[in-house]
Structure formats: structure tokens, C-alpha cells
Amino acid sequence: AQSVTQPDIHITVSEGASLELRCNYSYGATPYLFWYVQSPGQGLQLLLKYFSGDTLVQGIKGFEAEFKRSQSSFNLRKPSVHWSDAAEYFCALNTGTASKLTFGTGTRLQVTL
Amino acid sequence: EPEVTQTPSHQVTQMGQEVILRCVPISNHLYFYWYRQILGQKVEFLVSFYNNEISEKSEIFDDQFSVERPDGSNFTLKIRSTKLEDSAMYFCASRPRQGAYDEQFFGPGTRLTVL
């Protein structure tokens, strides 16, 4: 069965610093991968997705993610974090055989000024 | 911009009571989902719904759960006899069409507290 692991439960970065949130997946073939963000009181908003082609994908709010098949990873990055990026970030996959999303446990990002 | 809405934002109930969580998906969407997140745990898939029937459900979605689309706009999740372990955040999502690469649009969630 497929699974998603986000090893970091909580990360704190200073505003203006770079950010990398880790995501590893387990699935026998190439999955469809997503990053969602949840701000307090809000629903899950899609940041970006990968399903084929270029392994570096660009998303909204200046985020990007790189798919590395050899490492079964899909890490999220941002070169310069803003205080408004403080939120919970979820990595998710869809294997294509079902329409459901399988989520990781999430990483809570705190941004210090 | 169209969005998925959910009511109520917070529901408190006594163990054994029935609850209905309500969702209004985006109007031209065809596929509907419920997920839940127990505090500190993963977001978990409960059920997907298409063409007025369940298309897939997880092991969590037992006989105590049911879903319905009673009219052209609402999508509800009913828990017949709530248990303490049903306390969680429940998310509704919708999607315009089938396709694993298509985005699911999520609502803000309903926090269910079972006492």
C-alpha cells in the first residue's frame, strides 16, 4: 500500500531564510504528488503538483518542489520565507488507481521575525 | 473565486448522538470526498462519491457512517451513533472530474468533539 512520510513535525525558520520541507513516499510506480498548505481556520490549499515531465515544479506563493525518483522524495522549497508562510504543510499522493489522496502527517512551519 | 464551504465550523455532541456534517461543494464539480484528521495524526480518506453513489470507502467508513447528496448543492456526512474516537477535524473536498492529477478543492473543515 502507498504511504507518505513527512519526517519533520515542526520547523522554525527566520523570515528571509530559505526553507526545505521533506516528503518521502512509498509506491511501486510513479505517483501523482501534491503539496497542500493549511493556514489556521482555512481549508487545504494546493501549492503545487507533479504527475509527469519536468521534475522541478513551480507552484503558487514562490514555492517549488523537486521530484527525485531515486530517493522517493518530493521536497518543497522556498528561497526566502515570509512571515505569512507560517502554516501547516501536507504532502500527498494519488496513485492513479483510485481518486483518494494519501497524506503525510504534515509539517508545521513557524516563521520568526 | 468559488470555494467549498462546510458547516458548522465546530460541533460538540454527546457520545451516542447522531451528527450531520454539511458541505457545499463547488457548483460544477462532480466528485466529492470526506476526509478526517484526528488531532496530531494524518489526514485520512473516508469516502468518495460520484453520480449519487459511493465510489470508494476506507475501512474507517463503517456502518455508522453514511453520505448523501440530498439536493443539487449539499453533500452531507452522517455519523449515526458517535464515539469518543470520532472526535476529529472533518474535511470535505470536491473535484470537477476524474483524473488522479486533478486538484481536489478542500473546505475549511468541521471540528467534531464527542464528549
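Residues numbered from 1 in each chain as written. Chains lettered and ligands numbered in written order. Predicted model: local features only at pLDDT ≥ 70, side-chain atom pairs only at ≥ 80, totals over all residues. Heavy atoms only, no water.

Turning next to the packing of aromatic side chains. The relation between two aromatic rings is expressed through the spacing of the ring centres and the mutual angle of the planes. Summed over all chains, the structure comprises 19 aromatic pairs over all chains. A centroid spacing of 5.6 Å and a plane angle of 45° characterise the contact between Phe63 of chain A and Tyr89 of chain A, whose relative ring orientation is tilted. Within this pair, whereas Phe63 of chain A is found in the loop between β7 (56–58) and β8 (64–68), its partner Tyr89 of chain A is found in strand β10 (residues 87–94), the two being separated by 26 residues in sequence. Phe63 of chain A sits in the buried class, given a relative accessible area of 0%. Relative accessible area serves as the criterion here: at 2%, Tyr89 of chain A is assigned to the buried category. A centroid spacing of 5.7 Å and a plane angle of 90° characterise the contact between Phe103 of chain A and Tyr35 of chain B, whose relative ring orientation is edge-to-face. Taken together, the positions of Phe103 of chain A in strand β11 (residues 102–103) and Tyr35 of chain B in strand β4 (residues 31–37) put the pair across two chains. Overall, the relative accessible area of 0% leaves Tyr35 of chain B in the buried class. Aromatic ring contacts, followed pair by pair, group Phe34, Tyr36, Phe90 and Phe103 of chain A together with Tyr33, Tyr35, Phe45 and Phe106 of chain B into a single cluster. (Phe/Tyr/Trp six-rings, centres within 6.5 Å; stacked < 30°, edge-to-face > 60°. Helix = DSSP H or I, 4+ residues; strand = E, 2+ residues; numbered from the N terminus. Buried < 20%, exposed > 50% of the residue type's maximum accessible area, 1.4 Å probe, protein only.)

This part is about the pattern of salt bridges. Residues and elements named next belong to chain A. With the rule as written, the count across this model stands at eight salt bridges over all chains. The salt bridge partner of Glu66 is Arg77, with a shortest N-O separation of 3.2 Å. Of this pair, Glu66 sits in strand β8 while Arg77 is found in strand β9 (residues 73–78), placing the two residues eleven residues apart along the sequence. Relative accessible area serves as the criterion here: at 23%, Arg77 is assigned to the partly exposed category. One salt bridge connects Asp85 with Lys78, and the closest N-O pair in it is separated by 2.8 Å. (Salt bridge = Lys/Arg side-chain N within 4 Å of Asp/Glu carboxyl O.)

So, about the confidence of the model for chain A. In this model, chain A carries a mean pLDDT of 92, and residues with pLDDT of at least 70 account for 97%. By mean pLDDT, strand β6 (residues 44–50) of chain A is the weakest element of chain A at 92, and strand β3 (residues 19–21) of chain A is the strongest at 98. (pLDDT = per-residue confidence, 0-100.)

Opposite the 20 residues of chain B that make contact, chain A presents 22 residues. Each partner contributes to the roughly 1700 Å² buried at the junction of chain B and chain A, and carbon and sulfur atoms together form 58% of this total. Joining chain B to chain A, the criterion identifies one salt bridge. A salt bridge links Glu56 of chain B to Lys100 of chain A; the shortest N-O distance between them is 3.6 Å. At the level of elements, β4, β5 (43–50) and β9 (88–95) of chain B are the ones that each hand at least two residues to the side of chain B that touches chain A. Residues belonging to the side of chain B that touches chain A are distributed by class as follows: nine nonpolar, six polar and five charged. (Contact = heavy atoms within 4.5 Å. Buried area = accessible area lost by both parts, 1.4 Å probe. Nonpolar A, V, L, I, M, F, W, Y, C, P; charged D, E, K, R; others polar.)

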